[in-house]
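Each chain, letter by letter, is given below.
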Amino acid sequence: MATSQIFHLKWTVSDCEDDYRYLQEGMLFNHFQRNRELTTKVGLTNNLRRFSCEGPVDVDRFFPRSYDMSSASEVQDFVLDFRRCAALGVLRQHLRLANWAEERRRLMEHLNMDGVVDGSCYICNVNVLRMAVKAMIHWLEDLDGTFFEDEDQCQGPRPHLFTQEWDALVCYSELTDAELCGEDDGEERKRKQRGSYSASGSVIPGSAAGSPWRSARAENHQRWPEFEQHHWGEPPVSLRQHAEETLKLLEARWPQISAQGPMNVWVVKPGSSSKGSGVLCMDSLPEVLHHCKTTSNRIVQKYIERPLLLFSGRKFDLRQWVMVRSFRPLKVYMFSSCYLRLCNEPYDLGDLENRQRHISNWSVNRRGKHVADGAVASLDEFQEVLEMMTGQRGYWEEELIPQLKTCIVQTLQAVQPNIIQRCESFEVYGFDFLIGEDLKPWLLEVNLSPACESRTAWMSEMLERMASRLVELLLQGDAFASDGQAPDWHLICDEHDAAAPSPAMSPVAPAQSEEAPNLDTWGQRALTLTVLGKSVSRRFLRRLDQIWRRNAAQQTLAAHWRGWALRQRLRREKWRMAGVVFHRCRQRAWQNLLRLALFQQRRGPAAKLISTVTRCFLCRRELQEVRRRKDALRIQSSWRGHRGRRRA
């Protein structure tokens, strides 16, 4: 039972703090404490960023750029990254369309069609191109670790782009090739939700939060307010050469250039959910900021716009099982087989709302119209495709497997200081990789207790093999060995064995250990040493210090702001209650005045009616008195006559 406190092996899908409270020596448990540092998107992003700053590993080579939108400093970094990607897209689009226009012009000259008017001519915004080149130069300076290494090179603050310039640059990057060439592509531009943000993500003063895009766009994009007083036409040759040079330098220095495609698409993910819930693809900066402002705990990750497409142009990712036997020292096993998770519909960047084109989770695609064979493919099928693409039979084992192993080990090393080590604990993780069109693997996320649902016959056999060999590995420990069958668990990292000294690696031979070392020998050995790590950059250290101070200042301001906000809220509540009491008193006063007015209005007729009734009553009384008097006189007269007659 999962709630039992006496066991030899406990296996649960998820864990909590109570599970570790009753663990004793000799009890095997399939979780490590604080494993959310690895399996949540927020924890993975923060740990990989810290690991990249502290160590010699460049995580940008295998992990797409990600930002925690709950941090104000990371929101600013994301806005700057989005703007720079927009500038990169502008330069790429310009060079592509300019080459296309030149080829078209040469073709028309070759066909002697000089007199024919070409309606599909490319007209560019020269001002925006200059802004894009300027943004690229700033980007290259940030990527260069030796830039501003000496304080003498800093000639004051460098010129930056203003908000209006960024707005024009981002708006220009959203224009299609057909719009820039003066053609009608027949597609209606979708009106995007911008909230209170401009095109480049700046807050619009005086705008209500959640308001839509206020002004309607003109059909001619040259008349847009962002392009006011801009020059449209043929750019100078020097500007084009400068753009080509900056792009070449960026491709050489930036390891994530292959992830950038024709659009500036980003993925918005919940920080701690799974199974693809809440994952959205967006290409509008105001839309991303508005969504992250209205919903909490969101991670924004760069979308790999150029993935490898298989099986009729469908996107896929790899699910790789990894078992960690120990974190300190790190001991990792990887299952030699994996499977591909396929999207239901063909990949299309023009349809970002259709999640079945971009998200390969089974929970998203299981109810699709085109789902077949469990939306999975085997590793053998993938190897056949790789062999046809590369012409190399062992490309998976020789090229991709070493890259996956390196990525897995470095990711686990990044979270190694934050995981609580326990000798009897182990854990199986599901690493999700995306293969780019250049056959470069990208780590997307790490899953806790990966789903092992059997969808096909070959997948059932693989799951049974994986589970049975996993139990044997846990029971046998260091005595575990391969049984000669595939697939199987293979050891990919063992820091305990790597830390053990080896006689062959000793710098001094046993026969020479008793003698004093020769200085020349030590000098020759020193020349063969390899320097590991990154070069120290004062600018980079200053930037880290500024980020730390900015976060500390934000925390201090947030602490004071919470108290001020609470006092303001209490003050507003008091004013609200006073207003409620005043409103009730005013209502009662108006009701009393209304009753008094109604009373005054009805008092005159009532008095007349009462007087009339009173007069009638008094008249009847007087008539009755008169009648009684007459009757009395008549009786008295009769009585006197009767007595007189009796006397007579």
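It should be emphasised that the depicted structure is a prediction, and the values quoted were computed from it without experimental measurement.

## Notes on helix α9 (residues 285-294)
Here is step 1: Counting buried positions over the 10 residues of α9 gives seven, a clear majority of the element.
Here is step 2: Contacts from the buried residues of α9 go to α4 (72-110), β6 (266-270), β7 (280-282) and β8 (298-302).

## What about the sheet that holds β8?
Here is step 1: Ordered by their spatial adjacency, four strands build an open sheet running β3-β8-β6-β7, and the pairing between neighbours is antiparallel. Each having just a single partner strand, β3 (66-68) and β7 make up the two edges of the open sheet. Each strand of the sheet is rotated relative to its neighbour by a mean of 25°, with strand direction disregarded.
Here is step 2: Here three bridges tie β3 to β8, and the two strands are oriented antiparallel to one another. Across the sheet, the residue bridging to Tyr-67 is Val-300, located in β8.
Here is step 3: Relative to β3, α4 is tilted by about 145°, and along the sheet it contacts β3, β6 and β8.

## Looking at the pattern of salt bridges
Opposite charge on two side chains allows them to pair when their charged atoms are near.
Here is step 1: The tally for this structure, following the rule as stated, stands at 31 salt bridges.
Here is step 2: Here Arg-341 makes a salt bridge to Asp-317, at a shortest N to O gap of 3.0 Å. Placement of the pair is Arg-341 in strand β11 (residues 339-342) and Asp-317 in strand β9 (residues 316-327), with a sequence separation of 24 residues. Taken individually, Arg-341 and Asp-317 each receive the classification buried, so the pair is uniform in this respect.
Here is step 3: Residue Asp-488 pairs with Arg-469 through a salt bridge whose shortest N-O separation is 3.0 Å. Here Arg-469 lies in helix α13 (residues 457-476) and Asp-488 lies in the loop between α13 and β15 (489-494), a separation of 19 residues in the sequence. Here Asp-488 and Arg-469 have matching classes, each one buried.
Here is step 4: Sharing partners across several salt bridges, the network here consists of Arg-465, Arg-469, Glu-472, Asp-483 and Asp-488.

## Some thoughts on a nonpolar patch on the surface
Here is step 1: A contiguous nonpolar surface patch, about 480 Å² in accessible area, is contributed by Trp-590, Leu-593, Leu-596 and Phe-599.
Here is step 2: Within the secondary structure layout, Phe-599 lies in helix α16 (residues 538-647).

## What to know about the packing of aromatic side chains
In this description, an aromatic ring pair is defined by two values, namely the gap between the centres and the angle between the planes.
Here is step 1: In the structure shown here, the tally under the stated rule is 19 aromatic pairs.
Here is step 2: Pairing Tyr-67 with Phe-78 gives two aromatic rings, centres 6.0 Å apart and planes at 55°, and the pair type is tilted. With a gap of 11 residues between them, Tyr-67 in strand β3 and Phe-78 in helix α4 connect regions that are remote in the sequence.
Here is step 3: Here Phe-78 falls in the buried class, since its relative accessible area comes to 0%.
Here is step 4: Through a chain of ring-to-ring contacts, the aromatic side chains of Tyr-67, Phe-78, Phe-82 and Trp-266 assemble into a single cluster.
Here is step 5: Cation over ring: Lys-302 sits above Trp-266, and NZ or CZ is 5.6 Å from the ring centre.

## Things to note about the environment of Ser-70
Here is step 1: Looking at where Ser-70 falls in the secondary structure, it is placed in the loop between β3 and α4.
Here is step 2: Separated by 228 residues in sequence, Ser-70 and Arg-298 place their C-alpha atoms 7.0 Å apart.
Here is step 3: At a separation of 2.8 Å, a polar atom in the side chain of Ser-70 contacts the side chain of Asp-68.

## Describing the packing of helix α5 (residues 126-143) against helix α8 (residues 237-253)
Here is step 1: Axis separation between α5 and α8 bottoms out at 10 Å; the angle between their running directions is 30°. The angle between α5 and α8 falls in the class roughly parallel. For the pair α5 and α8, the crossing hand works out as left-handed. Contacts between α5 and α8 pair Val-126, Leu-129, Arg-130, Val-133, Met-136, Ile-137, Trp-139, Leu-140 and Leu-143 from the former with Leu-239, His-242, Ala-243, Thr-246, Leu-249, Leu-250 and Arg-253 from the latter.
Here is step 2: The residue makeup of the contact of α5 with α8, split by class, is 12 nonpolar, two polar and two charged.

## Side note on the side chain of Arg-92
Here is step 1: Relative to the assigned elements, Arg-92 resides in helix α4.
Here is step 2: Despite its burial, Arg-92 pairs with no opposite charge; the closest candidate is Glu-251, at 4.7 Å N-O.
Here is step 3: Here Arg-92 is in contact with Leu-247, Ile-257, Gln-260, Gly-261 and Arg-306, once residues within four sequence places are set aside.

## Digging into the packing of α4 against helix α6 (residues 163-173)
Here is step 1: α6 packs onto α4 with a crossing angle of 55° between their chain directions and a minimal axis gap of 9 Å. As the angle between them shows, α4 and α6 are arranged oblique. The two elements α4 and α6 meet at a crossing, and its hand is left-handed. Contacts between α4 and α6 involve Phe-82, Arg-83, Arg-84, Ala-86, Ala-87, Val-90 and Gln-93 from the first element and Trp-166, Leu-169, Val-170, Tyr-172 and Ser-173 from the second.
Here is step 2: Residue composition of the contact of α4 with α6, grouped by class: eight nonpolar, two polar and two charged.

## Looking at a negative patch on the surface
Here is step 1: Residues Asp-373, Asp-380, Glu-381 and Glu-384 make up a contiguous surface patch of negative charge.
Here is step 2: Among the structural elements, Asp-373 can be located in the loop between α10 (362-365) and β12 (376-378).

## Considering the nonpolar core
Here is step 1: Of all hydrophobic cores here, the largest spans 55 residues; its most connected members are Phe-78, Tyr-172 and Phe-227.
Here is step 2: Broken down by secondary-structure element, the contributors of at least two residues to this core are α4, α5, α6, α8, β6 and α9.
Here is step 3: Ranked by the residues each element gives to this core, the list is headed by α4, at 12 residues.
Here is step 4: With near-sequence residues (within four places) excluded, Phe-78 lies in contact with Tyr-67, Met-69, Trp-266, Leu-285, Val-288, Leu-289 and Val-300.
Here is step 5: The next biggest cluster of nonpolar side chains, apart from the first, holds 48 residues, and it includes Val-57, Leu-308, Trp-396 and Phe-431.

## Focus: helix α3 (residues 41-54)
Here is step 1: For α3, with 14 residues, the first-to-last C-alpha span of 20 Å sits near the 20 Å given by 1.5 Å per residue.
Here is step 2: Within the span of α3, buried status applies to Lys-41, Val-42, Gly-43, Leu-44, Thr-45, Asn-47, Leu-48, Phe-51 and Ser-52.

## Quick word on the environment of Glu-245
Here is step 1: With respect to the helices, strands and loops of the structure, Glu-245 is situated in helix α8.
Here is step 2: Glu-245 sits in the partly exposed class, given a relative accessible area of 48%.
Here is step 3: Along the primary structure Glu-245 and Val-133 are separated by 112 residues, whereas in three dimensions their C-alpha atoms are 9.8 Å apart.

## Structural notes on unusual backbone geometry
Here is step 1: Here the amide bond leading from Arg-328 into Pro-329 is cis, since omega sits at 0°, within 30 degrees of zero.
Here is step 2: Tracing the chain through its elements places Pro-329 in the loop between β9 and β10 (330-335).
Here is step 3: Here the residue pair Ala-486 and Pro-487 is connected by a cis peptide bond, since its omega of 0° sits within 30 degrees of zero.
Here is step 4: Along the chain, Pro-487 falls in the loop between α13 and β15.
Here is step 5: Positive phi is not limited to glycine here, since Phe-311 has a value of about 55°.
Here is step 6: Within the secondary structure, Phe-311 sits in the loop between β8 and β9.
Here is step 7: Notably, Leu-439 is not glycine yet its phi reads approximately 60°, a positive angle.

The rules we used
Residues numbered from 1 in each chain as written. Predicted model: local features only at pLDDT ≥ 70, side-chain atom pairs only at ≥ 80, totals over all residues. Heavy atoms only, no water. Buried < 20%, exposed > 50% of the residue type's maximum accessible area, 1.4 Å probe, protein only. Helix = DSSP H or I, 4+ residues; strand = E, 2+ residues; numbered from the N terminus. Contact = heavy atoms within 4.5 Å. Pairing = 2+ DSSP bridges. Axes fitted to C-alpha atoms, helices over the stretch in contact; angles between N-to-C directions. Salt bridge = Lys/Arg side-chain N within 4 Å of Asp/Glu carboxyl O. Patch = residues over 30% accessible without salt bridge, like charges linked within 9 Å, V, L, I, M, F, W, Y side chains within 5 Å. Areas by Shrake-Rupley, 256 points an atom, 1.4 Å probe, with all protein chains shown as cover. Phe/Tyr/Trp six-rings, centres within 6.5 Å; stacked < 30°, edge-to-face > 60°. Lys NZ or Arg CZ within 6 Å of the ring centre and 35° of its normal. Polar contact = N/O pair within 3.5 Å; in protein donor to acceptor, adjacent residues only side chain to side chain. Parallel < 35°, antiparallel > 145°, perpendicular 65-115°, else oblique. Left-handed = near helix turned anticlockwise from the far one by under 90°. Nonpolar A, V, L, I, M, F, W, Y, C, P; charged D, E, K, R; others polar. Lys, Arg positive; Asp, Glu negative; His and termini not counted. Charge placed at Lys NZ, Arg CZ, Asp CG, Glu CD. Core = buried A, V, L, I, M, F, W, Y, C linked by side-chain atoms within 4.5 Å. Expected span 1.5 Å × (residues − 1).

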